[in-house]
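A look at the structure
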Amino acid sequence: MEKLPQLFFILPLFLFPFAFAGHDYGQALSKSIMFFEAQRSGYLPHNQRVSWRSHSGLQDGKVSGVDLVGGYYDAGDNVKFGLPMAFTVTMMSWSIIEYGKQMASSGELGHAMEAVKWGTDYFIKAHPEPNVLYGEVGDGNTDHKCWQRPEDMTTDRHAYKIDPSNPGSDLAGETAAAMAAASIVFRRSNPAYSHELLSHAYELFDFADKYRGKYDSSITVAQKYYRSISGYNDELLWAAAWLYQASNNQYYLDYLGRNGDAMGGTGWQMTEFSWDVKYPGVQTLVAKFLLQGKAGIHTPVFEKYLEKSEYFMCSCMGRGTHNVQRTPGGLIYRQRWNNLQFATSSSFLATVYSDYLASSARDLKCASGYVAPSQLLSFAKSQVDYILGDNPRATSYMVGYGNNFPQRVHHRGSSIVSIKANPSFVSCMGGYDTWFSSKRSNTNILTGAIVGGPDAYDDFADERKNYEQTEPATYNNAPLIGVLARLGGGHGGYNQLLPVVVTAPKPIVTRQHSFTKPRITPSPASWSGPISVEQKMTHSWVANGITYYRYSTTVTNKSNKNLKSLNLSISKLYGPIWGLTKSGNSYTFPAWINTLSAGKSLEFVYIHSTSPADVSVANYLLA
């Protein structure tokens, strides 16, 4: 999606005497998550709920010698753009981190986590080496000449990458943020996968920070659609904030403190938060760290981050010195092209910041005076309610929600008959002639999709060719799922201490560039589950000029039940191991143990010539 410079004017907010019924936020949440299944590329799973879609993009990456099957199509086309896809995953993960309990109570947490994993599984493939990241599959220019189902694609599927010679700090930084945020999501349910994600996040951040440059200078085919206008400093700070939240490693907190001024985190007063501009997101996260009492020596710098975060909030509410433009019906308005992305992202930041303030018994300080946290949440609710139908047109801009929603969505797969209903091949121009030009409603309902939305005067034309207003995007929905979960969870029980970051594995640090840099530990010695894993080096010696280490690992059943089965995931093991039985890709009890009683431990040892292996609990059974 091309990002064009805009001129912004402040319009007065006219109040309309509308009377609308309350919204079913739980239903809207369910639909908004389902939309991501319609955007899936690759082999679709058996539990795929969007039944009119089928497998697609099964040769992606093959020409480049890498498996890039999977991931998401960004909008109504069939290209996989890495930057907006990574931002989508980051925001879905943040939504789950803050409001996972509310999603669980509505039965949607599993679906939300599956949506995140569909993205992170792809990112793991796209990051085959520490300093290589594939950032696009397909080409917008050739893709836009075709109106085909994803299942019929005949367009170029070239894969584009960044590396040290062709850097992309914004792309690598956002992907690092996505992997770090997702590692928090899976820490309890899938600790081995969580560690894998965090390992990729560490490497991607180092890549982004060491080899600096804008990704669209390396992947030039992205310039027309996802040009990085804000540069890469915001993504470096954004990634550092997420890595600190995921790891609790002081290096990343120091990075935010040292670089806040130079990289714009404490200087930029923003009124936009998007796939391109991350500064308000960084400022909100750092404000959270400050309110949690974690700033330490960086308190003066972090207070400036907080001031800029509150500038954003006040501007959105119309209580600042430079307020965001609104439509007469009250919707945040920045540009005609896919304006609703800004409404959903701003609403999410307002929602989480409202809860941060309420948790610390603070009010929002604006130029016009103090604002209660509840007012900030009410602003977010007003934007969501507008999207769901409380607007001058009484139109729901979420497809499939309400009785009056867009019928001619600018989306290839939705507009063309399902390949399951009619397997006849649809050509590029045949798709335009038969399906794109049709005045009929889309053949398939793109349930949950948030379209581009109305113009500055609340007007909207439901026409397939009107891509500025009728095209959906994954990054429209990603922030919204958190707000919907919060609104659907009610308005009580949030005046507590700030959300506590789940304890991350304590990293081993090494010296690099005069600052401590992390490595993943031998896993989860600090894991909060009933099975603890602790490692220590017990002996070392030199043979033929090589230093060897003996590591002892103790697994303890901390529960009050018997441990009937155990599977350990062990990676980065380069020598012999004693005291466990190999079973496929994991390790189980040794032959002389079939159960581990409450409070008891078992020990195994291994020898190799490098740092400790990564050991984590893959699964277990207590009885």
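None of the values given here were measured: they were computed from a predicted structure.

Quick look at the overall build of the protein
Check the secondary structure of the protein and you find 18 helices and 15 strands. Expressed as a percentage of its 623 residues, the buried residues of the protein come to 60%. Across the protein, every contact between residues at least 6 apart in sequence was considered, and the portion connecting residues at least 24 apart equals 74%. As displayed, the protein has an accessible area near 23700 Å², and 52% of this comes from carbon and sulfur atoms.

Comments concerning the state of the cysteines
Taken as a whole and judged by the stated rule, the model has two disulfides. With a sulfur-sulfur separation of 2.0 Å, C314 is cross-linked through a disulfide to C366. Judged by the torsion about the S-S bond (-90°), the C314/C366 disulfide is left-handed. Of this pair, C314 sits in helix α12 (residues 299-317) while C366 sits in strand β4 (residues 364-366); the two residues are 52 residues apart in sequence, bridging distant segments of the chain. Take C314 and C366: they sit in the same class, and that class is buried. Sequence-ordered numbering of the bonded cysteines in the protein gives a pairing of 1-4, 2-3. Free cysteine C316: the closest other cysteine sulfur is in C314, separated by 9.3 Å.

Considerations on the nonpolar core
Among the nonpolar cores identified, the biggest contains 151 residues, and W94, L256, F302 and L364 are the most heavily contacted of them. Ignoring anything within four residues of it in the chain, the contact list for F302 reads L253, L256, G257, V286, F289, L290 and A295. Counting residues in each nonpolar core, the second largest holds 18 residues, with V533, L566, L602 and A613 among its members.

So, the pairing of strand β2 (residues 133-137)
Most of β2 is tucked away, with five of its five residues classed as buried. Summarising the sheet, strand β1 (residues 80-81) and β2 pair through two bridges and their orientation is antiparallel. Within the sheet, the bridge partner assigned to K80 lies in β2 and is V137.

Some words on the pattern of salt bridges
Overall, the coordinates contain 20 salt bridges when judged by the stated rule. As a salt-bridge pair, E174 and K278 come within 2.5 Å of each other at their nearest N and O atoms. Separated by 104 residues along the polypeptide, E174 in helix α5 (residues 169-185) and K278 in the loop between α10 (250-259) and α11 (279-291) bring together distant segments of the chain. With respect to burial, E174 and K278 carry one shared label: buried. Residue R212 is joined to D209 by a salt bridge in which the shortest nitrogen-to-oxygen separation is 2.6 Å. Since its relative accessible area comes to 39%, R212 is described here as partly exposed. Through salt bridges with shared partners, one network takes in D60, K80 and R157.

Brief notes about the packing of aromatic side chains
Overall, the coordinates contain 32 aromatic pairs when judged by the stated rule. Ring geometry for F205 versus Y255: centroids 5.1 Å apart, planes at 75°, classification edge-to-face. Taken together, the positions of F205 in helix α6 (residues 191-210) and Y255 in helix α10 put the pair 50 residues apart, joining distant regions of the chain. Of the residues examined, F205 reaches a relative accessible area of 0% and is grouped as buried. Relative to Y475, the ring of Y226 has its centre 6.1 Å away and its plane inclined at 85°; by these criteria the two rings are edge-to-face. Remark: Y475 occurs in helix α18 (residues 474-488) and Y226 occurs in helix α8 (residues 223-226); sequence separation between them is 249 residues. The class for Y226 is buried, based on a relative accessible area of 0%. Pairwise contacts between aromatic rings join F87, W94, W238, W242, F273 and F348 into one cluster. The side chain of R40 reaches across the aromatic face of W118, ending 4.5 Å from its centre.

Things to note about the environment of S230
Inspection of the secondary structure puts S230 in the loop between α8 and α9 (233-247). What makes S230 partly exposed here is its relative accessible area of 22%. Separated by 48 residues in sequence, S230 and K278 place their C-alpha atoms 8.5 Å apart. The contacts of S230, once residues within four sequence positions are left out, are E235, D276 and V277. There is a polar contact of 2.9 Å between the side chain of S230 and the side chain of D234. There is a polar contact of 2.6 Å between the side chain of S230 and the backbone oxygen of D276.

Considering the sheet that holds β1
Strand order in this open sheet of three strands is β1-β2-β3, and the pairing throughout is antiparallel. Here the strands that pair on one side only, and so sit at the sheet edges, are β1 and β3 (159-162). In the packing of α5 onto the sheet, contacts are made with β2 and β3, and the angle to β2 comes to roughly 100°.

Structural notes on unusual backbone geometry
In this model, N248 sits at a positive phi of 60°, which is unusual for a non-glycine residue. Mapping N248 onto the fold places it in the loop between α9 and α10.

Digging into the sheet that holds strand β9 (residues 546-557)
What holds strands together in a sheet is hydrogen bonding between their backbones, with the strands either parallel or antiparallel. Spatially, four strands are ordered β8-β9-β14-β11 in an open sheet, and the strand pairing comes out antiparallel. The sheet is open, and its two edges are formed by β8 (531-543) and β11 (577-578), each paired on a single side. Bridge count between β9 and strand β14 (residues 601-608): eight bridges; the pairing is antiparallel. Counterpart to Y551 in the pairing with β14 is Y606.

Criteria and cut-off values
- Residues numbered from 1 in each chain as written.
- Predicted model: local features only at pLDDT ≥ 70, side-chain atom pairs only at ≥ 80, totals over all residues.
- Heavy atoms only, no water.
- Helix = DSSP H or I, 4+ residues; strand = E, 2+ residues; numbered from the N terminus.
- Buried < 20%, exposed > 50% of the residue type's maximum accessible area, 1.4 Å probe, protein only.
- Contact = heavy atoms within 4.5 Å.
- Areas by Shrake-Rupley, 256 points an atom, 1.4 Å probe, with all protein chains shown as cover.
- Disulfide = S-S within 2.5 Å.
- Core = buried A, V, L, I, M, F, W, Y, C linked by side-chain atoms within 4.5 Å.
- Pairing = 2+ DSSP bridges.
- Salt bridge = Lys/Arg side-chain N within 4 Å of Asp/Glu carboxyl O.
- Phe/Tyr/Trp six-rings, centres within 6.5 Å; stacked < 30°, edge-to-face > 60°.
- Lys NZ or Arg CZ within 6 Å of the ring centre and 35° of its normal.
- Polar contact = N/O pair within 3.5 Å; in protein donor to acceptor, adjacent residues only side chain to side chain.
- Axes fitted to C-alpha atoms, helices over the stretch in contact; angles between N-to-C directions.

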